[in-house]
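Overview (structure and organization)
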4 protein chains.
Amino acid sequence: MVRVAIVGATGYAGAELVRILSGHPEAEITVLTSRQFAGVRFAEVYPAFAGQVDLACEAYSAERVCDRCDVVFLALPHQLPMSFVPDILAREKKVIDLSADFRFNDAAIYESTYQAHTAKELLAEAVYGLSEVYTDQIKNATLIGNPGCYPTSVLLPLVPLLQKGLLDPASLVADSKSGVSGAGRSLALASHYCEVNESFKPYKVAVHRHNPEMDAILSREAQKAVSITFVPHLVPMTRGMLTTIYATPGVDLADKDVSDCYTAAYSQRPFVRLCANGRLPDTLHVRGTNYCDIGFKFDQRNNRLILVAAIDNLVKGAAGQAVQNMNIMIGCDETAGLLNVPYPL
Amino acid sequence: MVRVAIVGATGYAGAELVRILSGHPEAEITVLTSRQFAGVRFAEVYPAFAGQVDLACEAYSAERVCDRCDVVFLALPHQLPMSFVPDILAREKKVIDLSADFRFNDAAIYESTYQAHTAKELLAEAVYGLSEVYTDQIKNATLIGNPGCYPTSVLLPLVPLLQKGLLDPASLVADSKSGVSGAGRSLALASHYCEVNESFKPYKVAVHRHNPEMDAILSREAQKAVSITFVPHLVPMTRGMLTTIYATPGVDLADKDVSDCYTAAYSQRPFVRLCANGRLPDTLHVRGTNYCDIGFKFDQRNNRLILVAAIDNLVKGAAGQAVQNMNIMIGCDETAGLLNVPYPL
Amino acid sequence: MVRVAIVGATGYAGAELVRILSGHPEAEITVLTSRQFAGVRFAEVYPAFAGQVDLACEAYSAERVCDRCDVVFLALPHQLPMSFVPDILAREKKVIDLSADFRFNDAAIYESTYQAHTAKELLAEAVYGLSEVYTDQIKNATLIGNPGCYPTSVLLPLVPLLQKGLLDPASLVADSKSGVSGAGRSLALASHYCEVNESFKPYKVAVHRHNPEMDAILSREAQKAVSITFVPHLVPMTRGMLTTIYATPGVDLADKDVSDCYTAAYSQRPFVRLCANGRLPDTLHVRGTNYCDIGFKFDQRNNRLILVAAIDNLVKGAAGQAVQNMNIMIGCDETAGLLNVPYPL
Amino acid sequence: MVRVAIVGATGYAGAELVRILSGHPEAEITVLTSRQFAGVRFAEVYPAFAGQVDLACEAYSAERVCDRCDVVFLALPHQLPMSFVPDILAREKKVIDLSADFRFNDAAIYESTYQAHTAKELLAEAVYGLSEVYTDQIKNATLIGNPGCYPTSVLLPLVPLLQKGLLDPASLVADSKSGVSGAGRSLALASHYCEVNESFKPYKVAVHRHNPEMDAILSREAQKAVSITFVPHLVPMTRGMLTTIYATPGVDLADKDVSDCYTAAYSQRPFVRLCANGRLPDTLHVRGTNYCDIGFKFDQRNNRLILVAAIDNLVKGAAGQAVQNMNIMIGCDETAGLLNVPYPL
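Definitions and limits used
Residues numbered from 1 in each chain as written. Chains lettered and ligands numbered in written order. Predicted model: local features only at pLDDT ≥ 70, side-chain atom pairs only at ≥ 80, totals over all residues. Heavy atoms only, no water. Helix = DSSP H or I, 4+ residues; strand = E, 2+ residues; numbered from the N terminus. Expected span 1.5 Å × (residues − 1). Bend = angle between axes of the 7 residues up to and from the residue. Buried < 20%, exposed > 50% of the residue type's maximum accessible area, 1.4 Å probe, protein only. Polar contact = N/O pair within 3.5 Å; in protein donor to acceptor, adjacent residues only side chain to side chain. Contact = heavy atoms within 4.5 Å. Least-squares fit on C-alpha atoms with pLDDT ≥ 70 in both. Salt bridge = Lys/Arg side-chain N within 4 Å of Asp/Glu carboxyl O. Nonpolar A, V, L, I, M, F, W, Y, C, P; charged D, E, K, R; others polar. Domains from an automatic or database assignment. Buried area = accessible area lost by both parts, 1.4 Å probe. Pairing = 2+ DSSP bridges. Axes fitted to C-alpha atoms, helices over the stretch in contact; angles between N-to-C directions. Parallel < 35°, antiparallel > 145°, perpendicular 65-115°, else oblique. Right-handed = clockwise from strand over helix to strand, strands pointing away.

Bringing helix α11 (residues 315-330) of chain D into the picture now. All names here are of chain D. Taking 1.5 Å as the rise per residue, α11 with 16 residues should run 22 Å; its terminal C-alpha atoms sit only 19 Å apart, a clear shortfall. Of all the bends found along α11, the most pronounced is centred on Q321 and spans about 45°. Burial runs high along α11: 15 of the 16 residues are buried. Just downstream of α11, G331 is the residue with a positive phi angle, here 80°.

This is how it looks when you write it as structure tokens:
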């Protein structure tokens, strides 16, 4: 059994880590930390866990955390992880960081998007945890920068096509829609029930922080500069993210070419499901799971390819992919703890 | 007082006509028809109206309807109106048809999208009821083809820019999101509560029937062939529609050019609101109203213009615009019956 | 035209007052105050009102407010109104207070439920603004303590039956369910979207502050001590409140007796609708309106009467009833500004 | 491994059985039947299951079903099971029926509530599958009448108190609230999205078919005739049921007496959780789980005890309890397949 610590356990991503890791056959949660709820039993903060999780939250201390675990999950706002990680790595623990702090190899991009980086020396060894794309690097990593939810939903459908040079990189538009849990548990008018319910709206149009993250990985995989237009929207539902991507083929392209490309990339991967029979993804079908469902259609009249990907923003978009990365790192089955049967509704 | 009949009063668009016209200072509802509920009081079908609407539904008969009204609103599935309208016009009543039957001047487009048209001879005189664009024609019309909800949300932001030649017509993508009421009151698994709630999904990708309707009007106003990529999605909420449009400028274009173009087109029109201060539309802000809120942003990095429009699909997208058209036709204030103060939430 | 000020205009009840009074034919809003948004245009705080409400919020000052209005609506947390009201009354303005500060004639009950009362001398003249029950007193009032939302939904169905002595006062149970807007716009985990959505729960069971308010009025109208068991619950929806009341008849009682009692009490009153044909209330049917829908059924097997009342918590439960009270006070039609046609959905 | 058949697999309760049994360590699903979807792969009917459930639906035939399984779950509308069960039992298979057909020992009560019973001879041996109360009988049963969702939420909190004679049986009122999935997948206006969303309402007040079921078990356990007043309501959410019960103590009763009674009844049972620290149940905390959370408060002023129970109507209220019963019948751990960690939201 690998012993795991969840730092920042009482935010939504942290609680989702608790859920998944509690049922993980190869992992044991040994430490939960929470600044706000230090000293409080986790099941009092989230009564859903009563009878299943019998740990109290504690304040973070590198020493106390690292003494009792092998892997540290950080579910904290960006800027905190970069101050914690050097110490944890020095204690020879593996780190999976769900913030943006270790997602960029290029500190300049991070700094122009977030703020000054205080642990730049680690960026070279940090591995971007897009499980299906960087599996080999993840196997040997000690520090994972776990992808953002929006980038996960954009990159999984785009990367295989860009790797093969099938799309015109100048044509890319990603129109994303996210459930409200993506905004986290911190109080904000934007997450206040009556402001969100019966409301649909875009936000941070073309200026969202996940945009540079997408561009960096798209460019790396396309082996040329790629800049995608990205617009996120907020959907009145708790969980789920769906991204619709518009792209112009860069070569002559038929349905079968796209199918074949996806099959080559993903048919051996347990968590990417290609929608069959012209079906398209629906967030309800991936709710609570680590799946990324991908479908596509051609708009023949306009020679435009339309890709659709759906994930649960808290699972494949955060905690689930983090656990998938841990599984790859520790060498157990990639699906361990992640194959709960989905809800039909 | 103009006497109005609502044919198909118990569907959602019909009931919304009842709501708006009940409070209209210049109109009096004299006839409500419903095949399913003939003989039943309207307020039994929709108890919300108890104490306010004291009419019973009746079966449709051209004679009985036309004897008692000046204007006929048809809120029926397509194919029925084309069989009713010749008779109504022969009785010298004005018709506002909310179906697709009289939206196309070109019968061939209608027939390739829907089915054979049995009243083609009327298509030349039918006016497309996009109130802000075809005001002058509407004034003198006797037959209005009221626009679809999706086309309304796509055309109002695009037409002024295309009229001025500011956009590359080959670049247009419209990603639309609609509340569930757009699917109407007919029972269907796709509108079954548990299948929609906590779900977000695309449907009829690049094959929706509203796509040719958009293309026809965009082409007419751009004075060249325009074909837009259109993808509708379903949002778990009752009312509201938001469309995000991606377009590449056809000329050098700055924020101010777009603002000026919209101001020229709409500043004198009561129901199009341009979002100020970089704010973007939210369906909640137009809920229950006839407003179309329009905002925009440039994605400078990719030289792409992003337009966002929000409407209430049942009001500006159906019944409200129909009443606005009636107002224009009968020469009363364009806003009569349509200026109820919006709900803050 | 009566000039009105809304103090605390940017909370949900305040914004609802703005909505209703903006469309009121006999009233003109002259002042909006907001501590948090002083200096900001109201339509920036609530963009729904763009183009319709052209006032900026200002800080509260008795002098500046009273100089420009005839009636002051206070939509503030309790405890603030009692410090403002003496000064406003001294300036000979009428006051309608939506907080609890002037709902009790007996200061002791107020003080045991809330906190020390600093304007006790006004309690004797304050009128409890349950419009249908205290119409005559409201006509001549200068200070209205506007009822709470829960009490409104409990008292309207119970008062006529208790006045006639038809129920056993020891048998009363009120099980209430409220939409989330009742909790207001202040940020709180209990109103955070993901904590409320897909959740149903009771809160403040048998200890809610509205319980003593109900008891006081029930006792007054029954002319004996009445103490009701009251349990509120939170429903995942924005607007609406439904109360189910269980009562044992105190006398032999048939359906017709209950109907007759309600008819006698309410048939001349525009905002109480008795559900006909065995139909029972649904919050959707009163959404956005000032109606209180009342229905009932006997559980014959257990000799228990079940009463059901539905209101919109923000309208009949707050701002709408406040305006109804103003209408009664200023002698205009009781329904002025309040008869917008309801939404069918 | 026990081989199980799910008859009626494509309704909501059937699909929930598929979900739970797919992940069950001791069971293997060998047959899925569906009249409507015979010949269709289950994962096409419910795409959420793609990659996890690889069976096609087939038409029902006693022979073909029984040849391949040991236990038959029937998730069908009432009246069908009574025609299937004799044949299945004759083939020596165990049956767990989720309909009402085998919930009553007294055919007269069934017949006055539903319709004529065609397999009355089996009622004596059928065991009411309220797992925590009839564990011993379930162990040896071959035919289980699985409880209704409402009765489960009413009986679990009431039975221990009635068994001990702590409550006045004439005082009982159950006010229940259910998510929409309880109405099943069959199309109906009452489950049409726009009719349910933003709506809260009671239905079948004091005449619901689950009322006699409750009375029968309450009477059996109280050892005297008990008749409870029961009012169900519909909540705009997919899953979850919460029941608030009002009861007058029949003896002198303190908090500790109630706690002790529940502790004695349930502390060794894995799926009933008593809410600690004055917390009360919330449907969100049991979503997707087999838990029944129970809490209580006294209304001291009125000497009334308020009990609150929350379940997931599709799990503990249907499929989960059915699997729990199977576990008890086949002698494996009662929690097998049912201890997935709950979602925090």
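Structure's up, so let's keep going.
Residue and element names in this part refer to chain B. Looking at the secondary structure, you find Q321 in helix α11 (residues 315-330). Its relative accessible area of 0% is what places Q321 among the buried residues. Only 2.9 Å separates the side chain of Q321 from the side chain of K316, close enough to count as a polar contact. When sequence neighbours within four positions are dropped, the list of residues in contact with Q321 reads G129, L130, S131, E132, N146, P147, T152, N290, V315 and K316.

Once turned by 180° and shifted 0.0 Å along the axis, chain A lies on chain B with an RMSD of 0.0 Å. What the rotation and shift describe, once combined, is the action of a two-fold rotation axis. Mapped onto chain B, 100% of the interface residues of chain A are again interface residues, and the two copies thus contact each other with one and the same surface.

What follows is about the interface of chain A and chain D. In this assembly, 35 residues from chain A lie in contact with 34 residues from chain D. Across the contact surface, chain A and chain D share zero salt bridges. At the boundary of chain A and chain D, one finds 14 residue pairs in polar contact (both at pLDDT 80 or more). At five residues, helix α1 (residues 12-22) of chain A tops the list of elements feeding residues into the side of chain A that touches chain D. Classifying every residue of the side of chain A that touches chain D gives 16 nonpolar, eleven polar and eight charged.

In this section: the domain arrangement of chain A. By a frequent convention, interface size equals the accessible area lost on bringing the separate parts together. Residue and element names in this part refer to chain A. Examined at the domain level, chain A breaks down into domain 1 (2-125) and domain 2 (149-312). A C-alpha centroid distance of 27 Å is found between domain 1 and domain 2. At the interface, 14 residues of domain 1 touch ten residues of domain 2. Summing both sides of the interface, domain 1 and domain 2 together bury roughly 1100 Å²; the carbon and sulfur share of this comes to 47%. The three residues of domain 1 that bury the most area against domain 2 are Y12, R103 and T113, which together make up 42% of that side's buried surface. Remark: the boundary between domain 1 and domain 2 carries two salt bridges. Across the salt bridge formed by E213 and R103, the nearest N and O atoms sit 2.9 Å from each other. Our enumeration of links across domain 1 and domain 2 arrives at seven residue pairs in polar contact (both at pLDDT 80 or more). Elements with a minimum of two residues in the side of domain 1 that touches domain 2: α1 and α5 (107-113).

A separate point is the sheet that holds strand β1 (residues 2-7) of chain A. Residues and elements named next belong to chain A. Pairing in this open sheet of six strands is parallel, and the strands run β2-β1-β3-β4-β6-β5 from one edge to the other. The open sheet terminates on both sides in strands that have one partner only, identified here as β2 (27-33) and β5 (127-128). With two bridges joining them, β5 and strand β6 (residues 143-145) adopt parallel strand pairing. Bridge assignment links V127 to a residue of β6, and that residue is I144.

Right, let's talk about the interface of chain A and chain B for a bit. At the interface, 47 residues of chain A touch 47 residues of chain B. When chain A packs against chain B, close to 3600 Å² is buried across both sides, 54% of that on carbon and sulfur atoms. Joining chain A to chain B, the criterion identifies eight salt bridges. Here B:E198 ties to A:R287 by a salt bridge, and the two come within 3.0 Å at their closest N and O atoms. Counting residues per element, the side of chain A that touches chain B draws most heavily on strand β7 (residues 173-178) of chain A, which supplies four residues.

This part takes up the packing of helix α7 (residues 149-163) of chain D against helix α10 (residues 255-266) of chain D. All names here are of chain D. With their axes 9 Å apart at the nearest point, α7 and α10 run at an angle of 110° to one another. Classified by the interaxial angle, the pair formed by α7 and α10 is roughly perpendicular. Here L155, L156, P157, P160 and L161 of α7 lie close against α10, whose contacting residues are V258, C261, Y262, A265 and Y266. For the contact of α7 with α10, a count of residues per class yields ten nonpolar, no polar and no charged.

We now examine the pairing of strand β1 (residues 2-7) of chain D. Residue and element names in this part refer to chain D. Most of β1 is tucked away: five of the six residues are buried. Across six bridges, β1 lies against strand β2 (residues 27-33) in parallel orientation. What sits directly across from R3, in β2, is E28. Handedness of the crossover joining β1 and β2 through helix α1 (residues 12-22) is recorded here as right-handed. As judged from the four bridges shared by β1 and strand β3 (residues 71-74), these two strands associate in the parallel manner. If you follow I6 over to β3, its bridge partner there is F73.

With that settled, the discussion passes to α7(D). Spacing of three or four residues puts side chains on the same side of an α-helix, whose turn is 3.6 residues. Residues and elements named next belong to chain D. The end-to-end C-alpha distance of α7 is 21 Å, a good match for the 21 Å that 15 residues give at a rise of 1.5 Å each. Of all bends in α7, the biggest is about 40°, found at L155, and the proline P157 comes one to four residues later. Most of α7 sits out of view: 14 of its 15 residues are buried. Residue G165 follows α7 closely and has a positive phi angle near 70°.

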